[in-house]
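This is what each chain is made of:
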Amino acid sequence: MTARPAAIKLVWLIGAIGFVIVAVVLGMVIGPTSIDRTDTLLEVVDSIVPGDFDSGLDERQASIVRSLRLPRVVLALLVGAALSTAGATYQGVFQNPLADPYLLGVAAGGGLGATVAIVYDLGDGKGFLDMVQIAAFIGALLSVALTWTMGTLGDRTRSTTSLILAGVAVASFFTAIQTFLQQSNTDDIRQIYNWFLGGLNTNGWTEVIQLAPIAIICLGLLAMSGRTLDVLSVGDEEATMLGLSVGRTRVLLVVIASLLTASAVAVSGLISFVGLIVPHTVRLLFGSSFRIIVPMSIAVGAGFLVLCDLVARTALTPAELPIGVVTAFFGAPFFVLILRTTARA
Amino acid sequence: MTVVRATGVSVAVKGYVLLDDVSLIADEGSWLSIIGPNGAGKSTLLRALAGGGVTAGKIEMFDRDLDGISQRQRAQLVSWVPQSPIIPTGMSVLDYVLLGRTPHLHPLANVSSSDVEIAQRILDDLDLSSLAARTVETLSGGERQRAIIGRALAQEAPILLLDEPTTALDLGHQQDVLRLLDRLRLSAKRTIISTMHDLTLAGQFADRLILLSGGAIAAEGSAVDVLTEQNITDHYRADVEVTRRGQSVLVVPRIDPQESRSTEETTHGH
């Protein structure tokens, strides 16, 4: 038997693609409005392939499939992939299994941005390049920049601990301002609250169009950075001696992962646990090399969020459950399981 | 040809001087061994030669100032075997050795089949082929030590810095590893600088020794010049008997304190 370098096995790849397809099919055919399942899938095929054929749906049903379900499923795929991959990257960059995409204050910054936009009536959270989304995006990136500046200030050793602590400080500070704004504008509490719980409510393709370009570029870059993340696992000093510019690599990876998170947060609010549990699940199932974890997290995260969103919009029909509730409901017990497994190992 | 030249190198951490104005040179294809008691600054010197933590002085490799080149270029010139490396969890021995290919790969590129071939040849040389698929953390101390040396060899750098490369190894593997390094030195003209605790072994393999004490060079030269009873008594506060057998200088601790006292009296002229 000859040993091979860590890489994704063909079987896993087929399995991951199969999982995504199953999730997409379920996400498309199940919904509050009952529509013939085969016809729904035909309609999806019709919307993808060129040419026109009759799927057997009437105009209203076709519109539900094309402008409600399909964009929502695609958005779930993108957001799920983005959060999971950003989480995996953060875990590698900080050599910390508890790291998630919100580690450096993205959630608090995005929350503050969204709250400001809602409180000052800058937008309604819908439409192309809406101010709530833009403000959340800017707030999220601002918090990471602030965390980075504070965490590396006067720290010649570039220790990741000080960065994580700075993240906690920045998050607390931004949350304090956010809470103050929220409490002084109680009329908007419901809308703010909804944003925080996260959701993939779409009407058409605007969110997908905003997120897709950034997400695809960032996901591509991170998928190729698996080997570099593996080099970081021997610690800063050895990685430097192996020829890696550790400081620069860390900045670049954090910038890419934060852009990805911020753009996902801007369109979907805060969806917790995905970025934490998906990379860990992948690690437990397939192996601990980031050459495996990052690409597999893209697929598993995408499919997982489509399924969570399916639960979110069907569990309480006709009302909708915030997706953050679903991911946390499945995520929290799973997290305990991971802690137990790693403790035993 | 002088490959490594350190001039007036000092290292200070939080006001403590660990290395004070050390200068040394190493020629191509030579083996320089740094010896000295605990805390003499051996590891600090080795790390400084790899470009880490130098507070004053200049280090040149192939006449190029280390300060002026990128991490990547430096790692193509120098590889470093740390004394206590961080062992990543869940990484196979093959992948661990492949980490050594980092300076030859684009940050976004994966390892190629030629990288894998290089790694597999090194695993063969180090008697690790049968363990290639095992994870590094499941290896014994000696197997792990060889994997770390393997990683450094995969860098294919002309200069090898080894911090206590044989401490964890059994006698047979000690000899194997040192002989392999010696072969590389002769055939591939690698320059080796190592720290070693075993003075006899240090004297056997190195063609030059530097005795470091209190962060400064206390003695320098061939094994015969440096490994004297006087030097070892002064700097290690050890009581040893030094004898020569053929090419080797044997350093053997004395068991009998009586014998030692009489020697001490003679040396100090009482």
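Along each chain, residue indices are assigned from 1 in the same order as the chain's sequence is written. Going through the entries in the order they are written, you letter the chains from A and number the ligands from 1. Residue-level local features of this predicted model are given only where pLDDT is at least 70; pairs of side-chain atoms are given and counted only at 80 or more, and the full residue set underlies all totals for whole chains, interfaces and linings.

## Overview of the overall build of chain A
- In this description a helix means any DSSP run of H or I spanning at least four residues, a strand means any run of E spanning at least two, and both kinds are numbered starting from the N terminus. On a plain count of helices and strands, chain A comes out with 14 helices and zero strands.
- Shown N-terminal to C-terminal, the secondary structure of chain A runs as helices and strands in the order α-α-α-α-α-α-α-α-α-α-α-α-α-α.
- The principal-axis extents of the C-alpha atoms in chain A amount to approximately 65 × 65 × 40 Å.
- Burial is judged by counting the other C-beta atoms within 10 Å of a residue's own C-beta: 20 or more makes it buried, 12 or fewer makes it exposed, and any count in between marks it as partly exposed, with every C-beta position built from the backbone. The 345 residues of chain A split such that 51% are buried.
- Sequence separation of at least 24 residues holds for 75% of the intrachain contacts in chain A that already meet a minimum separation of 6. Note on contacts: each residue gets a C-beta atom placed from the backbone, and two residues are in contact if those atoms are within 7 Å.

## What about the overall build of chain B?
- Helix and strand content of chain B: ten helices and twelve strands.
- Our radius of gyration looks at C-alpha atoms and nothing else; its globule reference is 2.2 Å times the residue count to the power 0.38. What you see for chain B is a C-alpha radius of gyration of 20 Å, in line with the 18 Å of a compact globule of 270 residues.
- Relative to its 270 residues, chain B shows a buried fraction of 43%.
- Across chain B, the fraction of contacts at a sequence separation of at least 24, relative to all contacts at a separation of at least 6, is 66%.

## Some points on the domain arrangement of chain B
Residue and element names in this part refer to chain B.
- Just so you know, the domain bounds were taken from an automatic or database domain assignment. Each domain of chain B was delimited in the assignment, giving domain 1 (2-62 + 158-268) and domain 2 (86-155).
- Put simply, the middle of domain 1 and the middle of domain 2, counted by C-alpha atoms, are 27 Å apart.
- Residue-level contacts link nine residues of domain 1 with eight residues of domain 2.
- Of the residues forming the side of domain 1 that touches domain 2, the biggest block, four residues, is contributed by helix α6 (residues 171-187).
- Residues are grouped as follows: nonpolar covers Ala, Val, Leu, Ile, Met, Phe, Trp, Tyr, Cys and Pro; charged covers Asp, Glu, Lys and Arg; every other residue, Gly included, is treated as polar. When the residues that make up the side of domain 1 that touches domain 2 are grouped by side-chain class, the tally is six nonpolar, one polar and two charged.

## Focus: the interface of chain B and chain A
- At the interface, 29 residues of chain B touch 25 residues of chain A.
- For the side of chain B that touches chain A, the secondary structure elements donating two or more residues are α2 (71-77) and α3 (93-98) of chain B.
- Top element by residues in the side of chain B that touches chain A is α2 of chain B. It accounts for four residues.
- Residue composition of the side of chain B that touches chain A, grouped by class: 18 nonpolar, nine polar and two charged.

## Description of α6 of chain B
Residues and elements named next belong to chain B.
- In a helix, the anticipated span is given by 1.5 Å times the number of residues less one. When the terminal C-alpha atoms of α6 are compared, their 24 Å separation across 17 residues agrees well with the 24 Å that a helix rising 1.5 Å per residue should span.
- Of the residues making up α6, those classed as buried are V177, L178 and L181. Considered in projection along α6, the buried side chains sweep an arc of 90° and stay on one side of the axis. Counted as exposed and oriented over 90 degrees from the buried face of α6: L171, G172, R179, R183, L186 and S187.
- Buried residues along α6 sit against α5 (141-154), β8 (191-195) and α7 (199-205). The arc in question is traced by the directions running from the helix axis to the C-beta atoms.

## Focus: the sheet that holds strand β5 (residues 64-65) of chain B
Residues and elements named next belong to chain B.
- Across the sheet, which stays open at both edges, the four strands sit in the order β2-β1-β4-β5 with antiparallel pairing between neighbours. Across the chains shown, the open sheet's two edge strands, defined by having one partner strand only, are β2 (16-27) and β5.
- Sheet analysis places strand β1 (residues 2-13) next to β2, joined by eight bridges and oriented antiparallel. Across the sheet, A12 pairs through a bridge with V17, a residue of β2. Any two strands are treated as partners once DSSP identifies two or more bridges connecting them.

## Description of the sheet that holds strand β10 (residues 216-221) of chain B
All names here are of chain B.
- Strand order in the open sheet formed by six strands is β6-β7-β8-β3-β9-β10, with mixed pairing between adjacent strands. Two strands in the sheet have a free side with no partner beyond their single neighbour: β6 (78-81) and β10. Taking each pair of neighbouring strands and ignoring which way they run, the sheet shows an average axis angle of 15°.
- In this analysis, axes come from line fits to C-alpha atoms, helices being fitted only over the stretch in contact, and the angle between any two N-to-C directions falls in the range 0 to 180 degrees. Each of β3 (31-35), β7 (159-163), β8 and β9 (208-213) is contacted by helix α1 (residues 42-49), which is oriented at about 150° to β8, the strand it contacts most.

## Digging into the nonpolar core
- Nonpolar cores are built from buried Ala, Val, Leu, Ile, Met, Phe, Trp, Tyr and Cys residues. These are joined into a set through C-beta atoms within 7 Å. The biggest cluster of nonpolar side chains holds 184 residues, and the ones touching the most others in it are L78, V79 and A82 of chain A together with L49, V97 and L161 of chain B.
- Broken down by element, the residue count for this core peaks at 16 residues, all from helix α3 (residues 59-93) of chain A.
- Counting contributing residues per domain, this core is built from domain 1 (2-62 + 158-268) and domain 2 (86-155) of chain B, each supplying no fewer than three.

## Some details on the pairing of β3 of chain B
All names here are of chain B.
- Among the five residues in β3, five count as buried, and that is most of the element.
- Across the two faces of β3 the burial is the same, with W31, S33 and I35 and L32 and I34 all buried.
- Pairing of β3 with β9, which is carried by four bridges, proceeds in the parallel orientation. Looking at the pairing, L32 lines up with R208 of β9.

## Section: unusual backbone geometry
Residue and element names in this part refer to chain B.
- Backbone geometry at D21 places phi at a positive 55°, although glycine is not the residue there.
- Mapped onto the fold, D21 is located in strand β2.
- With 14 C-beta atoms counted inside 10 Å, the residue D21 sits in the partly exposed group.
- The phi torsion at E156 lies on the positive side, around 50°, for a residue other than glycine.
- Take E156: it is sitting in the loop between α5 and β7.
- Exposure remark for E156: the 16 C-beta atoms within 10 Å place this residue in the partly exposed category.

## A look at the packing of helix α5 (residues 131-152) of chain A against helix α11 (residues 246-268) of chain A
Residues and elements named next belong to chain A.
- Between α5 and α11, the shortest axis-to-axis distance is 8 Å and the interhelical angle comes to 150°. In terms of orientation, α5 lies roughly antiparallel with respect to α11. Crossing handedness for the pair α5 and α11: right-handed. The residues of α11 that touch α5, namely those facing Q133, A136, F137, A140, L141 and V144, are S258, T261, A262, S263, V265, A266 and V267.
- Per-class residue counts for the contact of α5 with α11 are nine nonpolar, four polar and no charged. Here the angle decides the label: under 35 degrees means roughly parallel, over 145 means roughly antiparallel, 65 to 115 means roughly perpendicular, and every other value means oblique. Crossings are classed by handedness, with left-handed meaning an anticlockwise turn of the near helix from the far one by less than a right angle and right-handed meaning a clockwise turn.

## Observations concerning the pairing of β8 of chain B
Residues and elements named next belong to chain B.
- Buried residues dominate β8, accounting for five of its five residues.
- Burial along β8 is two-sided: T191, I193 and T195 and I192 and S194, pointing in opposite directions, are all buried.
- With four bridges joining them, β3 and β8 adopt parallel strand pairing. Among the inter-strand pairings, I34 is bridged to a residue of β8, identified as T195.
- With five bridges joining them, β7 and β8 adopt parallel strand pairing. Of the residues in β8, the one forming a bridge with L162 is S194.
- One crossover worth recording links β7 to the parallel β8 by way of α6, and it is right-handed. Viewed with both strands pointing away, a crossover whose connecting path from the first strand over the helix to the second turns clockwise is right-handed.

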